[in-house]
Amino acid sequence: MNPTGGASLDGEAVSGVLFDYGNTLVTFDRPEAALAAAYVRIAARLRAVGLEPPEPEILLRDVHDRVEAELAAHMRGASLEEIDLVDAARRAYADLGLQTDAAVLDEVLRLEQEAWWVGVSVDPQAIPTLDELRRRGVRVGLCSNAPYRVRSLHDQLTHFGLDAHLDSITFSGEIGWRKPSQRIFEAALVALGEPAQRTVMFGDSIADDVAGAHAAGMRAVLLRRDSRSIADETQTGATIAVNELGEIVPLLFEYRRL
């Protein structure tokens, strides 16, 4: 038992928890109908400013899907410097002969990103878990690899009511570096206001969340969102692995109930 009644892990005090976003607090499914409808509106907006876009389904393929393919290729590479997906979208539109100014580009990216909200499912344990940790005196923050339009990322948190339950929010698109780079963890710790040695990273990726956090001097808890072998967890030094988001509370408080 922790005699002080505070949070701890492996016998060391914990005053902060950083959560991953995608596949941890929320899951995503590609919202085909919403994206198709969004690109109808995007094509109309482009025509309204005097441009001649192709059919919406062509726009969706040659802009959205092209940009997503660039992101996937970047994630497979070795560089931890974050990709600029706003610029990638600008280039995709330009290659279609659509020279958008900054305001129009921002507007069409907003429409695209809001379509993705239809595909978001918030884990039902997310808000209760965040609130319970905060009630017990633990600061909670977000540390996420997300290189999309930054305003849309924050708007998404607001839309789903998550922002009010977080003490800090750190997206790779704002920092310029993605997990497992120590630079994003350092920025997230500064935003959270807690030192690495008292902070736990909680996420679903062994490489990004567990190994990355350990390299930054933090402890880590792996959320098993899909099939992962015990051997891989042991090899990467996962402090512990759980199957549900809400397990972090009894884990840190050693199953005591207040």
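On a predicted model such as this, the values are computed, not experimentally measured, just so you know.

Conventions and cut-offs
- Residues numbered from 1 in each chain as written.
- Predicted model: local features only at pLDDT ≥ 70, side-chain atom pairs only at ≥ 80, totals over all residues.
- Heavy atoms only, no water.
- Pairing = 2+ DSSP bridges.
- Helix = DSSP H or I, 4+ residues; strand = E, 2+ residues; numbered from the N terminus.
- Axes fitted to C-alpha atoms, helices over the stretch in contact; angles between N-to-C directions.
- Contact = heavy atoms within 4.5 Å.
- 1 Å grid on protein atoms, 1.4 Å probe; cavity = no way out; pocket = protein on both sides within 12 Å on 5 of 7 lines; lining within 4 Å.
- Points joined across faces, edges and corners; volume = space filled by probe spheres on them.
- Nonpolar A, V, L, I, M, F, W, Y, C, P; charged D, E, K, R; others polar.
- Parallel < 35°, antiparallel > 145°, perpendicular 65-115°, else oblique.
- Phe/Tyr/Trp six-rings, centres within 6.5 Å; stacked < 30°, edge-to-face > 60°.
- Lys NZ or Arg CZ within 6 Å of the ring centre and 35° of its normal.

Draft legend 1. Examining the sheet that holds strand S6 (residues 139-144) more closely. Taken in spatial order, the six strands line up as S7-S6-S3-S8-S9-S10 in an open sheet, and their pairing is parallel. At either end of the open sheet lies a strand with only one pairing partner, and these are strand S7 (168-171) and strand S10 (240-242). With strand direction ignored, the average angle separating the axes of adjacent strands in the sheet is 25 degrees. With four bridges connecting them, strand S8 (residues 199-203) and strand S9 (residues 219-223) associate as parallel partners. Bridge assignment links valine 200 to a residue of S9, and that residue is arginine 219. Against the sheet, helix H9 (residues 206-215) contacts S8 and S9, and its axis sits at roughly 165 degrees relative to S9.

Draft legend 2. Here's a closer look at empty space enclosed by the protein. What the rule picks out here adds up to one cavity of 30 Å³ or more. Each pocket or cavity is described by its volume, and for the largest cavity that value is around 90 Å³. Around the largest cavity, the lining residues are Val63, His64, Val67, Glu68, Leu85, Val86, Ala89, Leu109, Glu112, Gln113, Tyr148 and Arg149. Counting residues per element, the ones that place at least two in the lining of the largest cavity are helix H2 (56-76), helix H3 (85-95) and helix H4 (102-116). Considering each element in turn, the lining of the largest cavity owes the most residues, four residues, to H2. Partitioned by chemical class, the residues of the lining of the largest cavity number seven nonpolar, two polar and three charged.

Draft legend 3. Region of the structure containing the packing of helix H1 (residues 32-48) against H2. Close contact between H1 and H2 brings their axes to 8 Å; oriented N to C, the two are set at 100 degrees. With respect to their mutual orientation, H1 and H2 come out roughly perpendicular. Along the contact surface, H1 presents Leu35, Tyr39, Val40, Ile42, Ala43 and Leu46, while H2 presents Pro56, Leu59, Leu60, Val63 and His64. The residue inventory of the contact of H1 with H2, partitioned by class, reads 10 nonpolar, one polar and no charged.

Draft legend 4. Just the packing of aromatic side chains, in detail. In total, this model carries two aromatic pairs according to the counting rule given. Sitting over the face of the ring of phenylalanine 253, arginine 136 holds its NZ or CZ atom 4.5 Å from the ring centroid. Between arginine 183 and the ring centre of tryptophan 177, over which it is positioned, the NZ or CZ distance is 4.1 Å.

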